[in-house]
Each structure stands twice: as C-alpha cells, then as structure tokens.
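Structure assessment
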2 protein chains.
Amino acid sequence: MMSQGEHHDLVGTLTGGTWTKPTCPCCTSLNVEPLVLMQLAENVDPVTKKWIISRLEAPVRDGGAQLLVHSGEDDIGNVVVLSAPRCTQLHVTEGLGICKPYKDGNMTPFSYHDRNNFSNVDDMQVFLTLAERQYVVKYQLNFVRAKKDRTIPGVPESRGVLFARESLFRKLEKLGIVKAVIALHDQQKLGALAQAWYAKGQLLGQPLDSIQAYFGSSVAFYFSFLDFYTWALVPPALLGVALMLLPMLRRMAGGINTREGPEEGEPSISGLAVQAVFNMLWSTMVMELWKRRTASLTYQWGTMQLTEHYAEPRPGYHGPPGCNPVTGRPEACFPDWQRQLRVALVSVPVVGFFLVLVALGMASFYYCEALAKNFYTSYDSWLMTPVLYLPSVAHIVYGNMLGTLYNNVAQALSEWENHRDESSYQNYHTTKVLVFNFFNSFAVLFHIAFVKQDLPLLRKRLASLLIITQLVNQCSEVVIPFLVDRFFSSSANKPKEDDPEEDQLRAQGRLPAFPGLFPEYLELLVQYGYLSLFSCVYPLTALLLLINNITEIRTDAFKICRLFRKPFSAPASDIGVWQYAFEILGFVSVVSNCWLLLFSPGVNQLMQETGFSSHGALIFAIMLEHVLILVKMIVAFVIPDEPDWISLKKQQIEFRSVQALKQQKRR
Amino acid sequence: MMSQGEHHDLVGTLTGGTWTKPTCPCCTSLNVEPLVLMQLAENVDPVTKKWIISRLEAPVRDGGAQLLVHSGEDDIGNVVVLSAPRCTQLHVTEGLGICKPYKDGNMTPFSYHDRNNFSNVDDMQVFLTLAERQYVVKYQLNFVRAKKDRTIPGVPESRGVLFARESLFRKLEKLGIVKAVIALHDQQKLGALAQAWYAKGQLLGQPLDSIQAYFGSSVAFYFSFLDFYTWALVPPALLGVALMLLPMLRRMAGGINTREGPEEGEPSISGLAVQAVFNMLWSTMVMELWKRRTASLTYQWGTMQLTEHYAEPRPGYHGPPGCNPVTGRPEACFPDWQRQLRVALVSVPVVGFFLVLVALGMASFYYCEALAKNFYTSYDSWLMTPVLYLPSVAHIVYGNMLGTLYNNVAQALSEWENHRDESSYQNYHTTKVLVFNFFNSFAVLFHIAFVKQDLPLLRKRLASLLIITQLVNQCSEVVIPFLVDRFFSSSANKPKEDDPEEDQLRAQGRLPAFPGLFPEYLELLVQYGYLSLFSCVYPLTALLLLINNITEIRTDAFKICRLFRKPFSAPASDIGVWQYAFEILGFVSVVSNCWLLLFSPGVNQLMQETGFSSHGALIFAIMLEHVLILVKMIVAFVIPDEPDWISLKKQQIEFRSVQALKQQKRR
C-alpha cells in the first residue's frame, strides 16, 4: 500500500481547478486520490459540463452521486477527474455486501453503523483496495437517475429528454456527451505488481492477492483459475508422457515380440482405458477442488456475502416505475415471468437457429469438398488445384461472418432480456456466446469421432489444432503485443511515471478498452474440451496445454497490465457460468471417452482376436459409461463444496443475522 | 380451536395434586392444559419422583426444564402430567425458528423480544398448534442436562451416575425409571379431525391444516405427499387404460387384420415407447411440482426457516464437552470429520456387506430351485412335491431374518455415527434402511428384466406382486385394525370422552407406540418403483396403485388417529431423504424403461421384419436414453423449486436479517 505522503505528492501534481469540498466533516481530507477519468465529447457545452459536475457532487438524498469532482485543467476542457469521499466509499461498501476484517479478525459484512469496529476503517487507502475504490465511483455514477422527466442543460430537447428513473450516464453515453469512463492506473502500484507477476521471469505462482487489490476480484478469479488449472494439468501430462513412452520401451525391450503391437504413436488398449478412467476422476476432482478454492478465495477477498440482488440494478435495466418488493426502494419493475418468456420464446429459438446454421455450413462444406474432389480428379490439371481449397476458404469465411453476426445478435438479445443484476446479465450473455462457440469448435471433431468414426483422422486433427492454436496464441499474445509495446513506446503514447499527471491521464484514455475476460475463459474451455473429450486418442494433449498455459499466464498478465485501459471490476464470488460449463464438459467427456474407447482400432482388433462380439463390446461400453458417471456423481457429492472452516464462518454470520433480526423490534 | 371455557372444564377434571405455580407473572393462568404424560416405573422411589419433578419445574437458568408439572392422582403414583408455561412455549418457539403470522400478515420467524407484534400471541391455544405445544414439552425434557457428575436421589450410585452434560431423561430411560413419555390425545379435537378426515367416507381431499395442527408437520407432510402422489397417479392410470383398450378396440374394428398383432395383454411397440417417454416426463414433473408444493406448505406451516442446527442437539449426541463454534453455547463437540470417517469406513462397508448377503441369498435360491427341479423330475413322485417349495421357504425365512438383523444393525450404526441434529440422524438412518429394502424388493425384478430378459415372466411377477401387495395391505391395514378396534372397544381399553381424565390418560398409555412413518413411505416408494421402473410392461400398474392409495389414505388416517399413541412430531420442512429417493428412482427409471423397450418381444419382431440389426437397435436405445435423461434434467432445471411468491418472502426475511445485522453494534 502507498503511504499517505507519497499519495499527497501524486495528487499535488494535478494543477488547475480544485476538488469538490466535501460537506461531511469525516470526509474532509488533504489528499484526494484521482480514481476515475470521465472523457466528455470534444465539443461539450460548458453549461452541460457544469450541470454534470453538479449532479456528481450533489448528495445522494438530492439524487446526486456524492462524489468528489475535479474539472481537469480548466472548466472548459473535456475531462473530469472523479474520486469518492469516505462516507460514499463506506456506504457503497455496505450496500454491495463486501466483507472486511472485523476487530475479532473475522471477515464480516461491512456495516456503516458499526464501522468503528472494523480494522483500518480510518484509512480508505488500506481499508478498500484500489479496485474497490474505483468500483465505488462507477457504482455511484450508475446510481444517478432522474427523479422526473427533464431536459439536460445545454442539450436541445429535440436530441433527447431524460425520463424519470432513467440512468443519467447511460443517457449521456447514448447522446455521445460522455465518451468513456476510465479507471485510472496507479503507475507505482502497477510497476510493483508487474515486477512481482511477470517481469522477473519466475515460473511458479502469481501474486493473487495483489492482483485482486489492483484489478479486482473478477480479474483475480480468472488468474486464480488459470493458475489452478495449470497446476492441475501436471498429473495428466505425466500420465500422457508415460503412456506414450511405455509402448516404445516395451518394443525396444522385447524386439522379438511376435504379436503385432499397435501402430507407432497409437496408444495400447489398456492405456486408453486407463486414460478414460483417469480423465473422469481427474476432471471431477479438479472441478470439486476448484469449488473449494473458490470458497477460500471469496472469504479472503471479502466477496462471500455479496448482496447484488439488494443493491442498485444495472444501469440498462428498465421497466415501469415501481418498488422493489424486497428492499422497498423505488426502482423499475420488470416481472420475472416476462423475462423468462423472452428467454424461452425468443432467445432459445434464435440460438438454436444459429446452431442449425453452423451445422448446415459444415454439411455443405463436406458436400462441396466431395464435389471439388470429383471435379479435380475428372479434370486432373494443376490449374484446377485452387478448386480443392475453395470449399475450405468458403467455410472459413462463412464461419467468421456467422460468428460476428451471432455476437451482435447475442449481445442485443441479452440486453433485451432486461436482467436486473449485472451477474445475471453476464451469465445469460456468456451462456449464449459459449454454446455457439463451443459448437463451432467441436462440431467437426465430434463429426469425425462419432459419425465418421475415423480415429486416426481425429488424432491428426487434434494434434494440428493443438499445435496451430498454440502457435497462433503465442504469436498473437506474445509477439504482436511485444511489437505493439515497442511501437507505443516510440510514439511516446505510453504513460511514463515522470510525465505531468494530466498527460498521464490523457495517455491512459488513448489505450484501447479491455476486451473482457470472455475470450480468455473460452480459450481455456476449448483447451479443456480437447483434453477431456478426446485426449485418449492423443495422450500428449495435456503436456502441450501445460506448456501453453505457463506462457499464457505471463502474456495475459502483460496484456492486462500494459496494453489496455484498467478495467472496472465488479466484486465477484466465483467464475460464474464458466464453472457450470467446465462441469458439464466433464460429464460429456465420460460419454465421449467411452465411445472413443469402443471405436478404437485396438479394441476392434482385440475383439476379432478373442471372438468377442461387437454387441458384447457395445454393452460393455454402455455399462462402463453408466458406472463411470455414477462414480463421478458420487465423488462430486462426497467432496464438500467448501472447506469446513468456511462453512463455519458462514454459519456464524448467518446465526448472528438471525439473532440480530430477533433482537430487532419493528415499529 | 377449542374455546377457553371448554378447556377449563377439561382441566377441571384432573383431581388431586396441583399444577406447579409459575414464577413468572405472564405465565399465570387459570387453565393449565395437560400436554404430556410421563410414565414412571411402578416401583419408583417417591424421593426420585420428587427430585424429577423438581428438575422439571426448575427454571432454565438453574438447569431445569421450566415446565408445569402435575403429579397425577397423588405423590406416590407412577404418573406425571406435564404442561409448559407461556414463557417456555415462546422461548422454545423462537429457538426452533418456527414462523408465525406477524402483524403485517407475513409468516415471520418468531422473536420473543418482538413478541407483541405477532398475532394471537396472548392465547397459546391459538398461537401454537397442539402438536407444537407438545413438542415444546418434549424439547424441554431433552434440554435438561446435568451440570456436573452427580447421583440421582433414591437411586444407588452402583446403578448409575449422571455425568456432566448427559441428558437426564435419556439416563432415566436407560435406568428404567422413565417408562414412556406420551403426547396426550385431545379427544374432542381428535373426534372433529376424524370426522373431517375419514369418518364421513368422502374420497376427495384431506384436512391437511388440521392434521398439521393436531399431529405436527412431519405427519402432515406424509399425508400431503400421499395426497399429492395419489392425484398424480390419475394421468398414468388413464394412459394405462387407454393403452390397454386401444389394441383391443383396433382388433375388434379390423378383425381381418392380416399382420399378426401383439399377444393378448401385451402392449404394442408404439404404446411401449409412448409409455416410456410419458413415464420420464411424468416422474420429473411430479417431483418438481411436489417441491413447489413443499415450499408452499412450509410457508403455511411456519417451518420455512427452521434453525435446528442452532438449537439444542438431540439427546443421544455425546462427545467431549466444549462450545458450539456457531452459537457459542456449551455443548458436546464431536468433530465432523470423525463422523464422516465412521460413515465412510464402517457404515458404508457394513451396508455393502448386507447387500452382498441379499444377492448371495438370491443366487443360492436360484441354484437350489434348479437343483430341486432336477431332483423332482428325476424322482417324479408326488411325495417329493414339498421339495419344490423348500428353496422358496428357505429364501423367505432367510430374507426375514436378514431384514430383522439389518434393521438392528442400521439402528446401532446410525446411533454410533453420533449425529448432532435429529433430522441428520433420521436421514442417515432412513438412507441405510431404504437402500437395503429397495435392493431387497427389486433385486429379483431387475434380475428377471435385465439378466434373464424374460419380459412375460416380469409381467406376471409384477401383476402378482401388485395384487398380492394390495391384498396384504388391505388386510393388514383395514381388516385387522377394524377387528382390533372392535376388540379394544369391548375390553373397555378404548379411551371414552366421558371417562374421568386419569383413566383416559392411563388408557392412552396402554396403546402401542406409533411405529413411525418409515414403513408408510417405504410402501409408497416401492409402489413408485413398480410404476416407474417397470410399468411399461404392465400398463395397468398406475390404475391399481391409484385404487390402492385412495383406500390407503383412509386406513392410514384411521390408524394414526385411533390405534396408536399420539406421536411427537418435530417441525419439518420437507419429507427429508425420501425426496431424493424418489428423484433417484426417476433417473433409474429412464434407464430401465429404455432397456425394457429394447428387450420387448415387439421390438425384436419389428427388427426382424424390417431387417434392422440388433446393433442398430442397441445404439438407438442408448441414444434415446441419453436424450431422455438430458430432457429430464432440463425440465427439472427449468421448473423453479419454489413458487415466486415464496422466494420473495424468503428474500424479504433474508434482506431484513442482513439489515438487522448491520444495524447491530457489537460490544
């Protein structure tokens, strides 16, 4: 943590203009920390800017955001720097249900009323993390809603009226008056974090707590998961290598083996069976242990008792004005059944339609490929070679276009479903994009494995996919960023620690927005899919993924630290819908592995040799599948989802709140 | 509800001796309602009786039960009548977390501190149900624990010392000083309940709320489930009849049909498939809708927020003295991991061992039967006929002996696992007995269906099992009870309303103890098993079960009202482990139905006719199974487990307690 002195120096450099004087005595402080930068349109009317600032400064009871505002260089410029006074910080912390260390050492949901019993409550720099302080500002911005229909000063009525209970900042963004709201980097902390994280070239461990403090818990959860998953890859990688080496060693030892062994590079049947069973147990254990790890992290990071459902709705949420039936506060009321109807009658069919389009694309690709081959063989001229590539090219173009279209449609649908909570919106949106991408990535592999039943082709495809994915990743995530970074440095766009603060702020505004964690999680999920669904045909998968992930950690860290704006990060208590995606994949993998085992050439050969009927083998595969799924469910049931000490802490909090409710006399 | 006046009359008849005078002014009342009868040993030392009464009367802060005690006819008799003063009633209600109507009309966890805001809090007869008032007395009895090692007055030290924190009443029961603790019937209320329930001969509906008020929520949950399940049988019964009639009608209409139809009584393939799919959807819907019904009932009956985990542990719970880590109250501390170890290393293997014994018994039965047949055919004399029955008789005797032995072992194991909460003890015990009984009931049928694959035999077995079960049930549950009742009436043992109250009490003591709801639930589960696992071979199952259950409701009602002591009933919020048992059966039934479909003679015939390979049919069956399970899981996921209005109420309570915790300043 930065000491007060250092911080004062930093703030001192913000010249011209002054910070809002807080009205509340406890919030008065020499040092105001610039947390968030609001970029306005170039041509913003000073009247509008002044009005916006007044809304930001106004106390919550008057419908304002109760923030500290600094109007940048001067009142005419298009930049506003924001911070939050202590009172606002503490009230929002309570409203979000964030836990903080109590005087008895336990993490306890913060209570403003009981604030003096929490540790370090006097020093906001220590009490809240940087990410939390910045999120508080963002939350307060979203909080500002019009009390009744009105116009915005300096904006003609023809361009737009602010309706009652509409989010002011969403409106300003729509009107193009607010260009961007940016969480500011703290170059000193960022430097220290980068040092501890990736700059020193250490390969083991990540400073997860510092990541959480600096980037917030949703980002920290991604890196924790990446870390956990990478370590979890060690056992299957070792097994894969062992299964690869064992037949070779055996062949070398007993060169005079008469019985024809499996082909070079093709694992033996017992190896396949071992891998299928191991895969099942491994994937179950990994997800169960990750749940326990999640529980510990949420406790540590104070996000164990988030009350998003009782906090303010997300800014995009709209509906007829009403009262929240739980909290009793005035807010838009959009009935649940209407949302469910929209999901069931529109979203699900639309997603299904796109999946059909993917399948159609694949089918026509196969059809055209066969046509092209016929054409090529019948003409047999080198001039006709391009024809052979035509279907692939067409398929790739089609796939990309469909993907882009789908992303826009999914975004619009999720927005239209009108979710109240940000996490619920994220989950529905992620699910949509996930299902499509997953289908897109695996449809071809499933087709090869279960329709064509061509295991050698599957092995080749998988190996090339793994190697190409890795090359593309390394290229796009290491080489290009490195070049971009060089380029940035030379163009003096990169923020430097000795620049005047305004320039630093402006430079941060020029960085591209953080693209979110979705592509990162999706990459992991697709990897995990290759590994758990098909790895028994290509045992080295885990090893390749392990190598990939060790570099992935550093490149992702570099990306988020240096190449993008600092993202706002809502407090999170898990990895959301990704948890379910990984678990579902675990179940699908049991089915997939059993069938792959059945189709493998080794098993076919064994069946012919032993005279075992294919009918018998099929029944055996089915029974194996059922037993493995049963074992998987029992293992998942037996391992508790959270460590005992966490359950105890939760029970203590629950007991205390039940007691508190009983002690309370209602008027 | 009984008016105050009537009640006074009833109490007035309790002659000789007096009730404890409550120390607390709010508890002083003219009318003390006799709730519980404690039967002591015939030869109990008056000193011991006096001491017991003093412990019962002593306030909680002095380690007593704070009850109202009436020493029966005189101080020497072996009967003690108990009641609870208002303060005790209210404190226990709060401790158990029972919800009661608040002044705003919502069910709210009762709070002693805020008691005056609850409706009817001044009249205990209205505020708490009879079952609740009686459970309060039972709970307080269990609550009495020794503060330090001591002897019991009138009991020589050689017979036993009461150890610190040992449950006094468990000890007295072990020593044989307390013979029984009996919840007293209220003949007037019982008469009214019987009238509304079964006496009038109405077939539709049960007075569930009155049952809950009189017998408590666990009994009421059983009858609600029975009711719900009986109604749920109507659609499959109709379908079964339709599937039975349709082929007959078709045969009658088109008598000149050339293609050979299925055998008489054997459903057609399309019928089988329809039934398999219908079964799957039906079982899922029933269990999901039952969950919703459970949620409504728990709200209505005030058991939505039970806090058993924070209340006193069950009397049998023991361990080194310590502090409850959540509530901070002194109590025995038996670590969870030790209990889990006992379950995993002892209970699970022992249960497994007994299942193996069942399987061995079945195997030797088949072996001996074959032997006996051989023997019979080789000797071929009528003298040898008994030999044919020998294996069956031996198997039945073995099965019964094994069952009895297992029940004792399961009881001892569950006790030894040392569960803290009564519900946890019940769940573990039920699971043990359930698994064994289920295996015992279905092993033979599964063997016939999937090993022998003899569907006609399965059909015969199922039909005879259903009809025999029904006959046995009707006999044991209607005819015998009726005769017993006559017999009771003639022997003047039956309590009559105009008897002096002491005689009534003594008469109730002579009734047999209520055997618990386990056999009743097990009967339903086995029924449900017949229906969902195998019904597609015998479509009339549902109809037979429907008829059975309609009478079952009345006979069960008669049994619990007239033939047994009134059971104590802990507040319950669901049907416990039975819910899971029914749900698991639902999944097993999908697998079972798909395979039965595959093995059915109709499908085999169709395959031969169409030239479809058995391999293809097998793959089709597997795919059908996977699709049906997927659909089942989606349906179960899509239907919310509780109605929206219940979720809202729960959220409101949760929000209020979170707020209350925040309002509280800890010292």
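No experiment lies behind these values; they were computed from the predicted model shown.

1. Digging into the sheet that holds strand E6 (residues 178–183) of chain B
Residue and element names in this part refer to chain B. Ordered by their spatial adjacency, four strands build an open sheet running E2-E3-E1-E6, and the pairing between neighbours is antiparallel. The two strands at the open ends of the sheet, each matched to only one other strand, are strand E2 (68–70) and E6. On average, each strand axis in the sheet is tilted by 20° relative to the strand beside it, whichever way the strands run. Together, strand E1 (36–40), E2 and strand E3 (79–83) form the strand contacts of helix H2 (residues 46–57), whose direction differs from that of E3 by roughly 5°.

2. Topic: the layout of surface pockets
All names here are of chain A. Size it by volume and the second largest pocket reaches roughly 1,500 Å³. In terms of lining residues, the second largest pocket is bounded by 45 residues, among which Asn 400, Asn 440, Ser 441, Leu 465 and Tyr 530 are the most central. Sorting the residues of the lining of the second largest pocket by element identifies helix H12 (336–379), helix H13 (385–416), helix H14 (422–452), helix H15 (455–490) and helix H17 (518–534) as the ones contributing at least two each. Here the lining of the second largest pocket is composed, by residue class, of 24 nonpolar, 14 polar and seven charged.

3. Quick look at the environment of Val 479 of chain A
All names here are of chain A. Along the polypeptide, Val 479 turns up in helix H15. Among the residues examined, Val 479 registers a relative accessible area of 43% and is labelled partly exposed. For the pair Val 479 and Thr 555, spaced 76 residues apart in the sequence, the C-alpha separation amounts to 9.7 Å.

4. Let's talk about the packing of aromatic side chains
Overall, the coordinates contain 71 aromatic pairs over all chains when judged by the stated rule. Seen in terms of ring centroids, Phe 225 of chain A and Tyr 521 of chain A are 6.4 Å apart; in terms of plane orientation they differ by 40°. Their pairing is tilted. A residue pair is termed long-range when its members are at least 10 positions apart, and Phe 225 of chain A in helix H9 (residues 217–232) and Tyr 521 of chain A in helix H17 qualify at 296 residues. Relative to Trp 290 of chain A, the ring of Phe 228 of chain A lies with its centre 5.4 Å away and its plane at 50°, an arrangement referred to as tilted. Here Phe 228 of chain A, found in helix H9, pairs with Trp 290 of chain A, found in helix H11 (residues 269–300); they are 62 residues apart in sequence, far enough to count as distant. As far as burial versus exposure is concerned, Phe 228 of chain A and Trp 290 of chain A are alike and both buried. Here Lys 566 of chain A stacks its cationic end above the ring of Tyr 214 of chain A, 4.9 Å away from the centre of that ring. In this structure, Arg 115 of chain B is placed above the aromatic ring of Tyr 112 of chain B, and the distance from its NZ or CZ to the ring centre is 4.2 Å.

5. Looking at the pairing of strand E1 (residues 36–40) of chain A
Residue and element names in this part refer to chain A. Among the five residues in E1, five count as buried, and that is most of the element. What you see with E1 is no split at all: Val 36, Met 38 and Leu 40 on one side and Leu 37 and Gln 39 on the other are buried throughout. In terms of strand pairing, E1 meets strand E6 (residues 178–183) through five bridges, oriented antiparallel. Bridge pairing in E6 places Gln 39 opposite Ala 180.

6. Some points on helix H12 (residues 336–379) of chain B
Helix length check: H12 of chain B (44 residues) gives 62 Å between terminal C-alpha atoms against 64 Å at 1.5 Å per residue, within 8%. The largest bend in H12 of chain B amounts to roughly 30° and is located at Val 343 of chain B.

7. Here's the deal with the packing of helix H17 (residues 518–534) of chain B against helix H19 (residues 577–599) of chain B
All names here are of chain B. Packing of H17 against H19 leaves a shortest axis separation of 8 Å and a crossing angle of 20°. Judged by the inter-axis angle, H17 sits roughly parallel to H19. The handedness of the crossing between H17 and H19 comes out as right-handed. Along its contact with H17, which presents Phe 518, Tyr 521, Leu 522, Leu 524, Leu 525, Tyr 528, Gly 529, Ser 532, Leu 533 and Phe 534, the element H19 presents Trp 578, Ala 581, Phe 582, Leu 585, Val 588, Ser 589, Ser 592, Asn 593 and Leu 596. Residues belonging to the contact of H17 with H19 are distributed by class as follows: 14 nonpolar, five polar and no charged.

8. Things to note about the UniProt feature "transmembrane region" (unreviewed entry) in chain A
All names here are of chain A. Cross-referencing UniProt, the feature "transmembrane region" (unreviewed entry) maps to residues 228–249, 344–367, 379–398, 433–451, 528–547, 575–598 and 618–639 in the present numbering. Segment residues 344–367 splits into 100% helix and 0% strand. End C-alpha atoms: 34 Å apart. From the first C-alpha to the last, residues 433–451 spans 26 Å; its make-up is 100% helix and 0% strand.

9. Observations concerning H9 of chain A
Taking 1.5 Å per residue, 16 residues should reach 22 Å; H9 of chain A reaches 22 Å between its end C-alpha atoms and fits that length. Burial of H9 of chain A is extensive: 14 of the 16 residues sit out of reach of the surface.

10. Section: the interface of chain A and chain B
Each partner contributes to the interface: chain A provides 40 residues, whereas chain B provides 40 residues. A buried area of about 4,200 Å², summed over both sides, lies between chain A and chain B, and 57% of it is on carbon and sulfur atoms. Here chain A and chain B share zero salt bridges between them. Applying the counting criterion to the chain A and chain B interface returns 16 residue pairs in polar contact (both at pLDDT 80 or more). Taken together, the elements giving at least two residues each to the side of chain A that touches chain B come down to helix H19 (577–599), helix H21 (614–638) and helix H22 (644–663) of chain A. A per-element tally of the side of chain A that touches chain B places H22 of chain A first, with twelve residues. Taken together, the residues that form the side of chain A that touches chain B break down as 15 nonpolar, 14 polar and eleven charged.

What counts and how
- Residues numbered from 1 in each chain as written.
- Chains lettered and ligands numbered in written order.
- Predicted model: local features only at pLDDT ≥ 70, side-chain atom pairs only at ≥ 80, totals over all residues.
- Heavy atoms only, no water.
- Pairing = 2+ DSSP bridges.
- Helix = DSSP H or I, 4+ residues; strand = E, 2+ residues; numbered from the N terminus.
- Axes fitted to C-alpha atoms, helices over the stretch in contact; angles between N-to-C directions.
- Contact = heavy atoms within 4.5 Å.
- 1 Å grid on protein atoms, 1.4 Å probe; cavity = no way out; pocket = protein on both sides within 12 Å on 5 of 7 lines; lining within 4 Å.
- Points joined across faces, edges and corners; volume = space filled by probe spheres on them.
- Nonpolar A, V, L, I, M, F, W, Y, C, P; charged D, E, K, R; others polar.
- Buried < 20%, exposed > 50% of the residue type's maximum accessible area, 1.4 Å probe, protein only.
- Phe/Tyr/Trp six-rings, centres within 6.5 Å; stacked < 30°, edge-to-face > 60°.
- Lys NZ or Arg CZ within 6 Å of the ring centre and 35° of its normal.
- Expected span 1.5 Å × (residues − 1).
- Bend = angle between axes of the 7 residues up to and from the residue.
- Parallel < 35°, antiparallel > 145°, perpendicular 65-115°, else oblique.
- Left-handed = near helix turned anticlockwise from the far one by under 90°.
- UniProt positions renumbered as here; feature names shortened; annotations may be inferred.
- Buried area = accessible area lost by both parts, 1.4 Å probe.
- Salt bridge = Lys/Arg side-chain N within 4 Å of Asp/Glu carboxyl O.
- Polar contact = N/O pair within 3.5 Å; in protein donor to acceptor, adjacent residues only side chain to side chain.

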